[in-house]
Structures are given as C-alpha cells and as structure tokens.
Amino acid sequence: MPNILLVGNGAREHALAEAISRSEQKPLLFSFMKTNNPGIASLSEKIKLGSYADLEAITGFAAENKITFAVIGPEDPLNNGIVDALAKIGIPAVGPTKSLARLETSKSFTRNLVSKYNIPGNPQFKVFKEIDGVEAFLDQLEGIVIKPDGLTGGKGVLVQGDHFSTKQEALNLCKQILAESSSLIVEEKFDGEEFSLQCLCDGKTVVGTPLVQDHKRRFEGDKGPNTGGMGSYSLPDHSMPFLKPKDLEDGLEITRQVAAALWKETGSLYKGVMYGGFIATKNGVKLLEYNARFGDPEAMNILPLLKTDFVEICRHIIAGTLDKLKIEFEPKATVCKYVVPKGYGLPADHPDAASSRAKIEVGDVGKARLYYSSVDKKEDGLYLSSSRAIGIVGIANTLEKACKIAEEGVKAVSGPVAYRTDIGTDALIQKRIDHMKKIRKE
Ligand code: GLY
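Below, the structure is looked at part by part.

Definitions and cut-offs
- Residues numbered from 1 in each chain as written.
- Predicted model: local features only at pLDDT ≥ 70, side-chain atom pairs only at ≥ 80, totals over all residues.
- Heavy atoms only, no water.
- Helix = DSSP H or I, 4+ residues; strand = E, 2+ residues; numbered from the N terminus.
- Rg over C-alpha atoms; globule rule 2.2 N^0.38 Å.
- Buried < 20%, exposed > 50% of the residue type's maximum accessible area, 1.4 Å probe, protein only.
- Contact = heavy atoms within 4.5 Å.
- Lys, Arg positive; Asp, Glu negative; His and termini not counted.
- Charge placed at Lys NZ, Arg CZ, Asp CG, Glu CD.
- Near = heavy atom within 4 Å.
- Polar contact = N/O pair within 3.5 Å; in protein donor to acceptor, adjacent residues only side chain to side chain.
- Areas by Shrake-Rupley, 256 points an atom, 1.4 Å probe, with all protein chains shown as cover.
- Nonpolar A, V, L, I, M, F, W, Y, C, P; charged D, E, K, R; others polar.
- Phe/Tyr/Trp six-rings, centres within 6.5 Å; stacked < 30°, edge-to-face > 60°.
- Lys NZ or Arg CZ within 6 Å of the ring centre and 35° of its normal.
- Pairing = 2+ DSSP bridges.
- Axes fitted to C-alpha atoms, helices over the stretch in contact; angles between N-to-C directions.

A closer look at the overall build of the protein
So, point 1. Each helix and strand counted, the protein has 14 helices and 25 strands in total.
So, point 2. The C-alpha atoms of the protein give 21 Å as radius of gyration, which agrees with the globular expectation for 442 residues (22 Å, within 12%).
So, point 3. Dimensions of the protein, computed from the C-alpha atoms along their principal axes, are close to 60 × 50 × 45 Å.
So, point 4. Taken across its 442 residues, the protein has 59% of its residues classed as buried.
So, point 5. When contacts within the protein are restricted to residue pairs at least 6 apart in sequence, long-range pairs at least 24 apart make up 68% of them.
So, point 6. Charge-centre separation for the protein: the mean point of 57 positive side chains lies 2 Å from the mean point of 57 negative side chains.

Below is the structure:
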C-alpha cells in the first residue's frame, strides 16, 4: 500500500488524484496544495497548504508521511527543484529534475537541444540576449513568433497577426521583453493545426497517450485573449481528425529523439511527462514547445480513459521499466469544457472582472466528470478565484455524445461564470479539417 505525495491544486491534479485513487494497489494520497481544492482534498488522507517555493515544507510533509513516491503536477515546483529536493531525502518522483525541466522552463535550451542533435521539427529561430541583430533576423521571416525565455504560464508567446502586426511592432516588443528578462527567442511562425501529444517517459522509453486538441482563446470561434486553455477534446481512435497517421508517428519520433538527447546532454534520465505541443503544417509536423508535465486541460481527457493502473505506470517510470508495461486507454471520445469566472482573461477594468472571488453553486453534473481547479472551499461555500474554476468532462463512444454530456454538466454550475459552447462541436472540428485541407492544397 504506497503512500503517494501529489503536489498541485488544479483540475489536472484532481484528475491525477482520481487516477491514483482508482489504483488496485490501494494507495494513500497525501496532497500538498497552494489552495484547498475540494476535489483533491476529498480523495486525500491528509492535505497541507503552502507555497510551491517552500521546498522544506514539501519535503517535511513527505518525510512525515513516509511517502513511497511523489507525483508533481504543475511546472512551478519542478522549476523550483522539488524533484531534486525529494531525491535528497530518498523519495523518487514522477517529474523531471530542475535541470531536465528546462525542457519547459527554458525555450532556448530546448530549441538548441533539438538543433544540436539534428532532430526534426524546429522552426527557423534565434536566441537573443540583446537587441543587436534582432531587426536583421525579423527581416528574414515571413511570419514572426516572439517568446520570452522562461515560464510564462502559457500566455507569454506573442504571435504576429494575433498580438502585433508589423515588424516595427515586433522589434518594440523584443526591446520591452529584453528590458525585463535576460533573453528571448524569435521564431518563424507556422500555419497549421495544433495538437497535444503527452508522452510518458522513464528516461529511455517514450509512450504516447491519446492526442488532444486544446483551445487557448477565451471566446467562441477562437477569438479573444489567450488563456491557460478553455477546453479540449479527444477521439475514440486516439488521433485527431485533421492528421495523417505519419503526423502522429513523427511527433512520437521527435519526442523519442529528444528523450535520448536529454540523456546524452545531461547524463540524467528524464522521468515524467514530455508533453509536446505540435503543429501539423504543409511541410509536416513541427515542434512548438515542450512542457515537462501533463497539460491542463489535456490531463482530464486522457487520465479518465486509462485502463492500466496509473500507480503501476508511476512505478515503472521510476524504475525505468516502461518498456515492460502495456499501457492501454479506453477507445472513447472526451470533451472537456472549462467553467471560468466571467471576467477570466479580461482587463481588470472590464465590468465582468468583478466576477472573480464570487460565490458559485455546483449542482448535479449528471453523467459528466467534474474536476475542481482554482476554487477555494470556505466554510460557507465555494468561491471563484481569478483563474479557471472547474473542468467538466464528457466521456462517450462518440464525440457528439461526449460533447452533450459535458454541455449538460456545465449547466450545473451557477454564478458569474462562462464557458466556450463551441468546444467539441462538429462545426468547430470541421473548421479544423477544412483549414488543414486548404494548407495541404487537397
Ligand atoms: N494546455 C496548455 C498547458 O497545459 O500548458
């Protein structure tokens, strides 16, 4: 009976807590959270609230509860070195060390690694520490992407056409970023359809999980500001309707080569999740970025479909024996719709911004699964924060049914909240298919 430490307080971690709790190994769950997620708390033997920067508090909680191994949900504790700190007291983890988490925390590290080991998928790119040379490189690109070289909560990437129009604006933005951070990356912009490939990795073996498509924009029709992700879907065949089989193979192959390169480069084995943000283009699959953790919302699409015991998967990741385990997922469709405060992603002076911190009620979500995210359970009820509140997931044999289940579930949440009605609908998915056909000139 393992004692498992879970670090994190979002809907992704609620889905992880549920996957752990389903295990036949009857684990006891000990959760370290920034705020009190009632879903995780209800599945935990014990919880502790604190900061992810307070490594002593986390390791102390782990030691006190005789933890067998830890599962780290979000990127912040990885970036703070929690896996290294736990290793020092003899506790292994599913999650990379601080150095290996650079796969996510340093965009330049990953771009340079991919180039150095001749792995396909990189765009034209250059890393800049000062503004000299930026203008000349901008002149070489047809479309521009600017990325600060650090953690940005998924919202720091600036894309031409979405966040700025002209090269002069791009140059000004680069100057602003360099005034605040030590380096940035300028990249070629790709046209295509994005997908998330979350892989499990024990350092040597890379195992793909069902593909998911996230929706970053706040409003219907992919309009409005970028968010952490408003919802996502996956299909019973575990692929995406706009991809060719080779696209999935290419994404997997890139990830296998990156895992091998990490081993060669650092001499350490990457144990955890390598979540590749890929884009299918007219020239094949390209790499947008890696994250060193499960996606949020994407974790909610794949973890509930696991047929294999998640605790067993964790044990194999830690032991370096993933090649010995058959990992299976239900052949079902999933649709996740995030319920967010009405003011989520909007400027502080917007009339809806006041919705944050309001009280909400959650009724019967019917056949849907409910995963709490940034909500705070107080004595008199459940309160919103400024971030995404609740992930509602429909699971069924068809996308249409999964979408209907999620849609009905969302209606059970009342208060000043919003969600995207179009996620998982045939109309939006057809738009993706048509877009790819146009790009491929089919
Ligand atoms: N789905 C976006 C992320 O997890 O970063």
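Now that the structure has been shown, the text picks up again.
A short note on the site of the ligand
So, point 1. The full set of residues close to the ligand is Asp 214, Lys 216, Gly 228, Tyr 275, Asn 291, Arg 293, Gly 295, Asp 296, Pro 297 and Glu 298.
So, point 2. Within the side chain of Tyr 275, a nitrogen or oxygen atom sits 3.2 Å from a nitrogen atom of the ligand.
So, point 3. Asp 296 places a polar main-chain atom, nitrogen or oxygen, 2.9 Å from an oxygen atom of the ligand.
So, point 4. Within the complex, the protein chains bury 92% of what would otherwise be the 200 Å² of accessible surface of the ligand.
So, point 5. Of the residues belonging to the shell around the ligand, the class tally is 2 nonpolar, 3 polar and 5 charged.

Quick look at the side chain of Arg 432
So, point 1. Mapped onto the elements of the fold, Arg 432 is located in helix 14 (residues 426–440).
So, point 2. Exposure remark for Arg 432: the relative accessible area of 7% places this residue in the buried category.
So, point 3. In this structure the side chain of Arg 432 is engaged in a polar contact, spanning 3.0 Å, whose partner is the side chain of His 215.
So, point 4. Each residue touching Arg 432, except ones within four places of it in the same chain, is listed here: Glu 193, Gln 213, His 215, Asp 222 and Phe 242.

Quick notes on the packing of aromatic side chains
So, point 1. Applying the stated criterion across every chain yields a total of 6 aromatic pairs.
So, point 2. For the pair Phe 128 and Phe 137, a centre-to-centre distance of 6.2 Å together with 50 degrees between the ring planes defines the contact as tilted. You'll find Phe 128 and Phe 137 in the same group, each marked buried.
So, point 3. Taken together, the aromatic side chains of Phe 30, Phe 32, Tyr 52 and Phe 61 make up a single cluster linked through ring pairs.
So, point 4. The side chain of Lys 204 reaches across the aromatic face of Trp 263, ending 5.7 Å from its centre.
So, point 5. Taking NZ or CZ as reference, Lys 378 lies 4.6 Å from the ring centre of Tyr 383, over its face.

A closer look at the pairing of strand 9 (residues 184–188)
So, point 1. Along strand 9, 4 of the 5 residues are buried, which leaves the element largely enclosed by surrounding structure.
So, point 2. Across 4 bridges, the pairing between strand 6 (residues 125–128) and strand 9 is antiparallel. Across the sheet, Val 127 pairs through a bridge with Ile 185, a residue of strand 9.
So, point 3. Note: strand 7 (residues 144–148) against strand 9, 5 bridges, orientation antiparallel. Residue Ile 144 lies in a different strand from strand 9, and its bridge partner there is Glu 188.

Observations regarding helix 3 (residues 55–64)
So, point 1. The set of residues buried in helix 3 consists of Ala 57, Ile 58, Thr 59, Phe 61 and Ala 62.
So, point 2. Just beyond helix 3, the residue with positive phi is Lys 66, at close to 50 degrees.

Some details on the sheet that holds strand 8 (residues 158–159)
Strand pairing in a sheet takes place through backbone hydrogen bonds and is either antiparallel or parallel in direction.
So, point 1. If you walk across this open sheet you meet the 4 strands as 6-9-7-8, and the pairing is antiparallel. Both edges of this open sheet fall to strand 6 and strand 8, since each of them pairs with a single strand only.
So, point 2. Against the sheet, helix 7 (residues 107–116) touches strand 6, strand 7 and strand 9, its axis set at about 135 degrees to strand 6.
So, point 3. Taken strand by strand, helix 9 (residues 167–180) contacts strand 6, strand 7, strand 8 and strand 9, and its axis lies near 10 degrees from that of strand 7.

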